[in-house]
Amino acid sequence: MENWKSVLRFLPLTLLALLLAGCGEENLTALDPKGPQSQWLYDYMILSLVIMIFVAVVVFSIFFIILFKFRRKPGDDAYPKQVHGSTALEITWTVIPIILLAILAVPTITGSFMLADTEPEGDHTVTIKVTGHQFWWQFDYEDEGFTAGQDVYIPVGEKVVFELHGQDVIHSFWVPALGGKVDTIPGITNHLWLQADEPGIFKGKCAELCGPEHALMDFKLIALERDEYDAWVAGMQEPPEPQEALAQQGREVFENNGCLGCHAVNGMGTASGPALNNFANRKTIAGYLDFTDENLEAWIRDPESLKQGNNMLAYPDMSEEDMTALIAYLRSLSIE
Ligand code: HEC
Ligand SMILES: [Cu+2]
C-alpha cells in the first residue's frame, strides 16, 4: 500500500518529464520556429504566457499576503469589521483585465489577417495542391506539370501557397516548425501559406485522427535554395530512366505487376498511390520506415503488417529474383 502511494506521488512528475521529452525533436517543434508563420505563433504564445504569469503572480501574491496578514491572532476574539463592496477595487479588477485583453487583441487581429493572406506574392509564387489520403500525402505541382508523393519541396525564403484537399476522410496538414495546421476536407478546398527561412528538412504530421495508422501519416517538407529547387523541378519533369540492366529488368517487374496502376513514375500521378518519380531520394519508406532493402522488401510483400488499413496491394509470393530487380529499379528512381 505504502509503495503504491509513493509511485502515485511521482506520477505527475513522470508524466511531465515524458511530455517535455516529446518537445525536443529537431524541426518537429513549434518551440523552435523556422519561418515567419511559426515565428509569429511562437511570439504570440510567449506574449500570452507572460501576461498569464503576470496575472498569476499578482493574484497569488495578494492571496498569500491576505492569508497571513489577516489570519486570526491568539487572544483576538473580536468580530472582524464587515466590508461590503469597494468601488475602487471593483473598477481596478475590471479595468486591468480589459487592458490585458486589449494588449492581446492587437496581435490577434493583425496576425489573423497575416496568417490568412494566401494571395500570391509576385508572379512566381509556388502553389502546391496537397491531397491527404489514408495514410500518405500527394503533392501536385500543377503549374509545373508533375506530382510528388510523401516529400514536398519548396524554395527557401519565399511564400508558398498550399491548396488543401482531402481524398477520403478529414486529415490535417501540419509542419510544426513552419506554421499552424489546416484540415484537408473532402469536397472543400482550404488554403495555407508557409515560408521556410533556412534550407532544411522539416517534418510534417497529419494532425487529425483519420484511421488506424493516423500516427504514421508522416511527411517531410524540404526547403531548398532557389537554384537547387529549380533543378529539382527540372528533374521531376524529366524523370530518371534506369541505366543498369538489373534496374531495367526491375522496371518490367514493376510494369507487369500492376504497380503502375497506382504509382506514377512520370508526370501527373493517379490518386491511388504515391508518385515514385523521386522515390530513391526519400529518407523513409511509407513516411516512417528506414530506407533499407529489407524494409522495402517487407513493405512490398506485406504492407498491411507495417501500416494497417493502407490501400497498397500485397505481393507475398513475388520471387526473390523479381524482388531484387524491383528494388534495384526503385533505387534508381532518383533526382540529382
Ligand atoms: C492498389 C494500389 C497499389 C498497387 C497495385 C501498388 N501500390 Fe504501392 N502503394 C499504394 C499506396 C496507397 C501506398 C501508400 C501507403 C501508405 O503509406 O499509406 C503505397 C506505397 C508504396 C511504397 C512506399 C512509397 C513511399 O513514398 O514511401 C512503395 C515503395 C510502393 N508502394 C511500391 C509498390 C510496388 C513496387 C508495387 C508493385 C509491385 C506497388 N507498390 C503496387 C498503392 C498501391
Ligand atoms: Cu491523416
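Source: prediction; values computed, not measured.

A. Fine view of the pattern of salt bridges. Here the structure, examined in full by the defined rule, presents 11 salt bridges. A salt bridge links Glu158 to Arg226; the shortest N-O distance between them is 2.9 Å. Linking Glu158 in the loop between strand E4 (151–155) and strand E5 (160–166) with Arg226 in helix H4 (residues 226–237), this pair joins segments that are 68 residues apart in sequence. Overall, the relative accessible area of 15% leaves Glu158 in the buried class. Taking the relative accessible area as the measure of exposure, Arg226 reaches 26% and is therefore partly exposed. Between Lys205 and Asp218 there is a salt bridge whose closest N-O contact spans 3.2 Å. On the criterion of sequence distance, the pair formed by Lys205 in strand E9 (residues 200–206) and Asp218 in the loop between E9 and strand E10 (219–224) is long-range, its members being 13 residues apart. Assessed through its relative accessible area of 16%, Asp218 is described here as buried. What emerges from the salt-bridge pattern is a single network uniting Glu158, Arg226 and Asp230.

B. Summary view of the domain arrangement of the chain. Domains assigned within the chain are domain 1 (27–71 + 80–237) and domain 2 (245–332). Summarising the inter-unit geometry, the C-alpha centres of domain 1 and domain 2 are found 34 Å apart. Residue-level contacts link 24 residues of domain 1 with 24 residues of domain 2. Here domain 1 packs against domain 2, burying approximately 1,900 Å² in sum over the two surfaces, 53% of which is carbon and sulfur. The largest share of the area that domain 1 buries against domain 2 comes from Trp136, Thr147 and Leu216, three residues that together contribute 25% of it. Summed over the shared surface of domain 1 and domain 2, the number is 0 salt bridges. Between the two partners, domain 1 and domain 2, sit 5 residue pairs in polar contact (both at pLDDT 80 or more).

C. The arrangement of the packing of aromatic side chains in detail. Evaluation of the coordinates by the stated rule reveals 15 aromatic pairs. A ring pair is formed by Phe139 and Phe219, whose centres lie 6.0 Å apart and whose planes are at 50 degrees; its orientation type is tilted. With Phe139 in strand E2 (residues 136–141) and Phe219 in strand E10, this pair connects stretches of sequence that are 80 residues apart. Under the relative-accessibility criterion, Phe219 is labelled buried at 2%. Taking the centre distance of 5.3 Å and the plane angle of 55 degrees together, the rings of Phe254 and Tyr329 count as tilted. Taken together, the residues Phe254 in helix H5 (residues 245–256) and Tyr329 in helix H8 (residues 320–332) connect sequence positions 75 residues apart. As far as burial versus exposure is concerned, Phe254 and Tyr329 are alike and both buried. Three or more aromatic residues joined by ring pairs make a cluster, and in this case those are Trp137, Phe139, Phe162, Phe173 and Phe219. Residue placement shows Lys159 over the ring face of Trp193; its charged tip is 5.2 Å from the ring centre.

D. Inspection of the nonpolar core at higher detail. Among the nonpolar cores identified, the biggest contains 38 residues, and Ile128, Phe139, Tyr141, Phe162, Phe173, Leu221 and Trp232 are the most heavily contacted of them. At 5 residues, the largest contribution of residues to this core is made by E10. Excluding its chain neighbours within four sequence positions, the residues that come into contact with Phe139 are Ile128, Lys129, Val130, Phe146, Thr147, Ala148, Gln150, Asp151, Val152, Phe173 and Phe219. Counting residues in each nonpolar core, the second largest holds 21 residues, with Ile285, Leu289, Leu296 and Tyr315 among its members.

The rules behind each value
Residues numbered from 1 in each chain as written. Chains lettered and ligands numbered in written order. Predicted model: local features only at pLDDT ≥ 70, side-chain atom pairs only at ≥ 80, totals over all residues. Heavy atoms only, no water. Salt bridge = Lys/Arg side-chain N within 4 Å of Asp/Glu carboxyl O. Helix = DSSP H or I, 4+ residues; strand = E, 2+ residues; numbered from the N terminus. Buried < 20%, exposed > 50% of the residue type's maximum accessible area, 1.4 Å probe, protein only. Domains from an automatic or database assignment. Contact = heavy atoms within 4.5 Å. Buried area = accessible area lost by both parts, 1.4 Å probe. Polar contact = N/O pair within 3.5 Å; in protein donor to acceptor, adjacent residues only side chain to side chain. Phe/Tyr/Trp six-rings, centres within 6.5 Å; stacked < 30°, edge-to-face > 60°. Lys NZ or Arg CZ within 6 Å of the ring centre and 35° of its normal. Core = buried A, V, L, I, M, F, W, Y, C linked by side-chain atoms within 4.5 Å.

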